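Chain residues, written in single-letter form:
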Amino acid sequence: MTTLDIRPFRPEDEAAVIRLWRDCDLLRPHNDPRRDIARKLAVQPDLLLVGLLDGAIVAVVMAGYEGHRGWLNYLAVAPGHRRRGFGREMVAEAERRLLALGCPKINLQVRHSNARAMEFYRRLGFQVDEVASMGKRLIED
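Below, the structure is looked at part by part.

Right, let's talk about helix H3 (residues 86-100) for a bit. The terminal C-alpha atoms of H3, which comprises 15 residues, lie 21 Å apart, in line with the 21 Å expected from a rise of 1.5 Å per residue. Looking at H3, one finds that the buried residues are Phe86, Gly87, Glu89, Met90, Val91, Glu93, Ala94, Arg97 and Leu98. If you follow the buried residues of H3, they end up packed against strand E1 (5-8), strand E2 (48-53), strand E3 (56-65), strand E4 (70-77), strand E5 (106-108) and helix H4 (115-123). Looking at the residues trailing H3, positive phi occurs at glycine 102, about 90°.

Take the sheet that holds E3 next. Read from one edge of the open sheet, five strands run E1-E2-E3-E4-E5, paired in mixed fashion. Looking at the sheet topology across the chains shown, the edges are occupied by E1 and E5. Going from strand to strand, the sheet's axes swing by 30° on average, the running direction of each strand aside. Each of E2, E3 and E4 is contacted by helix H1 (residues 14-23), which is oriented at about 90° to E3, the strand it contacts most.

Here we take up a positive patch on the surface. Taken together, Arg82, Arg83, Arg88, Arg116 and Arg123 make up a surface patch of like positive charges. Tracing the backbone shows arginine 88 in helix H3. Its relative accessible area of 44% is what places arginine 88 among the partly exposed residues.

This part covers the packing of H1 against helix H2 (residues 33-42). Where H1 contacts H2, the axes come no closer than 10 Å and their chain directions differ by 125°. Compared by their axis directions, H1 and H2 come out oblique. Relative to H2, the crossing made by H1 is right-handed. Of the residues in H2, those in contact with Glu14, Val17, Ile18 and Trp21 of H1 are Pro33, Arg34 and Ile37.

How each quantity is defined
- Residues numbered from 1 in each chain as written.
- Predicted model: local features only at pLDDT ≥ 70, side-chain atom pairs only at ≥ 80, totals over all residues.
- Heavy atoms only, no water.
- Helix = DSSP H or I, 4+ residues; strand = E, 2+ residues; numbered from the N terminus.
- Expected span 1.5 Å × (residues − 1).
- Buried < 20%, exposed > 50% of the residue type's maximum accessible area, 1.4 Å probe, protein only.
- Contact = heavy atoms within 4.5 Å.
- Pairing = 2+ DSSP bridges.
- Axes fitted to C-alpha atoms, helices over the stretch in contact; angles between N-to-C directions.
- Patch = residues over 30% accessible without salt bridge, like charges linked within 9 Å, V, L, I, M, F, W, Y side chains within 5 Å.
- Areas by Shrake-Rupley, 256 points an atom, 1.4 Å probe, with all protein chains shown as cover.
- Salt bridge = Lys/Arg side-chain N within 4 Å of Asp/Glu carboxyl O.
- Lys, Arg positive; Asp, Glu negative; His and termini not counted.
- Charge placed at Lys NZ, Arg CZ, Asp CG, Glu CD.
- Parallel < 35°, antiparallel > 145°, perpendicular 65-115°, else oblique.
- Left-handed = near helix turned anticlockwise from the far one by under 90°.

Spatial relationships are all this shows, so hold off on functional conclusions.
Structure representation (structure tokens):
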């Protein structure tokens, strides 16, 4: 099995990461990906991870830990590279880094319409929590 070279994001990765998020239909009009990257680089930049295969970015995940829970966001694997274990590798590396920070639990959000993603996370041991996800924008993008 081929494994990824996983490393923290570098500024020169921005265009490739945004293209990957677009290819994976992760972008929404209310989230500016450049601002999301800039915000992440200001807080725990080593938890924005890219996965490279033969020097090309084929996977990405944004992780974070605020002292109570860890979070995963923007996990993406290039459509032509799926079902090869790369998503699992990215999550495992994010989990390893979060655990090293003392993180006891990871949360993430998946759109109800994304049954494939929900099944993927279930296979990795995630469970649906009986909570309502709520949000409030403080800054409009």
